[in-house]
Amino acid sequence: MPSAISTDEWDLPRLKASIGFEDDFQYLSSDDQQDTEFFDVKFYPYADPTHDPVFAAVSKKHIVIYRLSSKANPPYELVQLFRDDDKEALNCSCTWSKDPETEVPYLCVAGRDAKIKVYDVIHGKLVKVLVGHGGEINDLATCPTNFLLIASASEDTTVRIWSLDPAHSNQPCVCLLAGEGHSSGLLTVAFHNTGRYVLSAGHDNVISLWTLPDLPPKTNDKKPPKPIVIHYPHFFTSEVHSGIVDCVAFFGDLVLSRACHEDIIVLWRIEGFSSHDPPPEISEAPTTSDTERLTRSAFAPATASACPPQYTRLLEFWTPHCGHQFYLRFKLFHDKDKHPILAFGNAKAMIFFWDLARLGSYHDFISEVRDPGRDKSQPIHRPGWLVPIQHRHKVDTVSKLRDAASDRESVASGRTGSVDAETHIDLNTNYSQETLDSWELKYDMTRVEEPIRAHAQSNITVKDFVGRQVAWSAGGEWCVVVGSKNLAIILQRWHKKDRVDDKEKKASQERQN
């Protein structure tokens with residue numbers, strides 16, 4: 001029998017609970033009385049990592065703040081609720097910040113009325129309102145290197161960079177990304193982890209990368225400097241997607257994006273772009289002199305004599321059953337000490353997870369097995385999540401129940417941490433073709449034309465639940481998906497380990513007593 005090494009680094013989230021929020025219907029006009037939906041959810045990112053995580057979720061009229069705890073049953077507690085009574089307000093986006101002096105958590109909320117409302121979530125009051133956009137605000141993001149900088153993406157085709165610093169109170173809009181980047185309304189905006197670059201996308205199928213300039217100095221003058229206006233992005237493409245682009249994100253210097261009708265998330269690279277290089281000058285941004293060019297880049301400029309590729313598609317992740325829906329957002333958990341995990345909820349009550357570290361581990365395993373020069377007497381460690389397909393024969397009822405429980409625990413949930421050591425392994429001898437095909441669909445990075453299937457999937461019992469947005473807690477233990485049917489879905493990983501640790505701690509205390 002192969003030996004097994006216990007580990008939990010490969011765990012993927014499993015369903016823990018669901019929350020039914022307050023209904024919006026009584027606060028909406030007759031024109032807006034459709035299925036109540038929560039459009040955005042974000043965890044507070046600035047808390048002590050030893051404290052229970054807190055998240056905010058936003059519907060058209062409500063903002064709810066919950067605390068999660070693995071030691072509570074149910075594992076959630078409502079700590080704050082706001083209702084936006086402005087007649088024109090129909091909110092759809094939020095992002096966190098904090099007071100620069102007191103560090104009181106701030107939640108910025110925006111939507112159809114083109115205002116960004118900043119709430120003090122401890123005292124339950126509105127702190128300030130930012131105005132300037134000429135259309136609905138569809139997305140908000142906080143700069144990862146400066147919590148006082150907020151980006152907003154609007155139907156007016158622009159991205160605005162706002163400062164919550166009191167020194168900019170007379171002119172909080174410090175930068176305007178506009179002009180030739182987009183021709184239709186925007187749906188999504190994202191910062192690079194350096195805080196120097198911004199991605200934007202929306203209804204025109206275009207994804208733009210903007211370089212932020214040095215922002216205006218802090219001043220208390222009654223006539224502060226006007227916002228810096230950036231007319232041209234340093235990268236522009238309408239070739240990656242053929243539909244409305246409703247979610248973009250950086251993965252290091254790579255880009256993740258999805259579009260309506262395509263049923264895939266694409267991982268791709270902007271050729272020549274490196275955040276380690278000095279930021280390009282404003283004057284280096286390509287202009288629209290060649291209007292027929294579908295991709296324009298300052299990082300790999302096309303010339304008449306040679307046209308190198310300006311971007312490269314690397315991988316696709318399969319997200320079936322999204323249909324005509326747009327405004328469906330994925331979320332990548334990315335921490336240097338943990339595996340990067342991609343999560344997405346579709347329009348048919350399914351939540352998908354991909355552990356991007358599995359792709360490299362699978363490649364290493366297959367390469368080792370196929371190495372003609374390897375010592376076949378030495379064991380090869382097969383990752384425990386690489387499970388061979390086995391068709392079960394008829395067995396007694398007790399065995400069926402035991403096997404079913406084991407399957408739910410390990411395969412469907414993604415909790416497959418053991419590593420098997422096998423000797424004299426040969427792929428075609430040891431595993432069926434069905435098993436090999438299944439592994440390739442999930443983990444083979446060389447099949448660029450074939451979207452990678454989810455590594456784990458959670459099915460929601462509420463029919464046709466539409467997952468609008470995903471959020472990860474700072475440590476990656478909790479995942480929350482909000483969407484239609486007035487619901488938030490709570491998922492967790494590692495909680496069994498927590499219970500074991502608690503039992504061991506309790507036993508140790510009893511022995512000491």
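Summarised in this report is the structure supplied together with it.

Reading guide: rules and limits
- Residues numbered from 1 in each chain as written.
- Predicted model: local features only at pLDDT ≥ 70, side-chain atom pairs only at ≥ 80, totals over all residues.
- Heavy atoms only, no water.
- Helix = DSSP H or I, 4+ residues; strand = E, 2+ residues; numbered from the N terminus.
- Buried < 20%, exposed > 50% of the residue type's maximum accessible area, 1.4 Å probe, protein only.
- Contact = heavy atoms within 4.5 Å.
- Areas by Shrake-Rupley, 256 points an atom, 1.4 Å probe, with all protein chains shown as cover.
- Arc of directions from axis to C-beta.
- Patch = residues over 30% accessible without salt bridge, like charges linked within 9 Å, V, L, I, M, F, W, Y side chains within 5 Å.
- Salt bridge = Lys/Arg side-chain N within 4 Å of Asp/Glu carboxyl O.
- Phe/Tyr/Trp six-rings, centres within 6.5 Å; stacked < 30°, edge-to-face > 60°.
- Lys NZ or Arg CZ within 6 Å of the ring centre and 35° of its normal.
- Pairing = 2+ DSSP bridges.
- Axes fitted to C-alpha atoms, helices over the stretch in contact; angles between N-to-C directions.
- Polar contact = N/O pair within 3.5 Å; in protein donor to acceptor, adjacent residues only side chain to side chain.

The helix and strand tally for the protein chain stands at 5 helices and 33 strands. When each of the 513 residues of the protein chain is scored for burial, the buried share is 52%. Taking the intrachain contacts of the protein chain between residues at least 6 apart in sequence as the baseline, contacts between residues at least 24 apart amount to 62%. Surface exposure of the protein chain reaches about 24000 Å², of which carbon and sulfur atoms provide 49%.

Right, let's get into helix H4 (residues 433–443). An α-helical segment advances 3.6 residues per turn. Residues three or four places apart therefore align on the same side. Within H4, the full set of buried residues consists of Thr-435, Leu-436, Trp-439 and Tyr-443. The buried residues of H4 occupy an angular sector of 95° when projected down its axis, which confines them to one face. For H4, the elements touching its buried residues are helix H1 (356–370), strand E28 (380–383) and helix H3 (427–430).

This part takes up a nonpolar patch on the surface. A contiguous nonpolar patch, built from Leu-126, Val-129 and Val-131 and spanning about 250 Å² of accessible area, is present on the exposed surface. Here Val-131 is to be found in the loop between strand E10 (125–130) and strand E11 (137–142).

A few words on the packing of aromatic side chains. This structure, assessed with the given rule, holds 22 aromatic pairs. Ring centres of Tyr-44 and Tyr-46 lie 5.4 Å apart, and the angle between their planes is 80°; this geometry places the pair in the edge-to-face category. Classification of Tyr-44 by relative accessible area gives buried; the value is 13%. In this structure Tyr-46 comes out as partly exposed when scored by relative accessible area, which is 27%. Here the aromatic residues Trp-10, Tyr-362, Trp-385 and Tyr-443 are joined through ring pairs into a cluster of three or more. The ring of Tyr-327 has Arg-329 lying over it, and the distance from NZ or CZ to the ring centre is 3.9 Å.

Read from one edge of the open sheet, 4 strands run E7-E8-E9-E10, paired in antiparallel fashion. Each edge of the open sheet carries a strand with a single partner, namely strand E7 (91–98) and E10. Averaged over all adjacent pairs, the angle separating strand axes in this sheet is 25°, with direction ignored. Of the strand pairs in this sheet, strand E9 (residues 116–120) and E10 are connected by 5 bridges, and their pairing is antiparallel. Opposite Ile-116, over in E10, you have Leu-130 as the bridge partner.

Our next topic: the side chain of Gln-80. Within the element layout of this structure, Gln-80 appears in strand E6 (residues 76–83). In this structure the side chain of Gln-80 is engaged in a polar contact, spanning 3.0 Å, whose partner is the backbone oxygen of Val-121.

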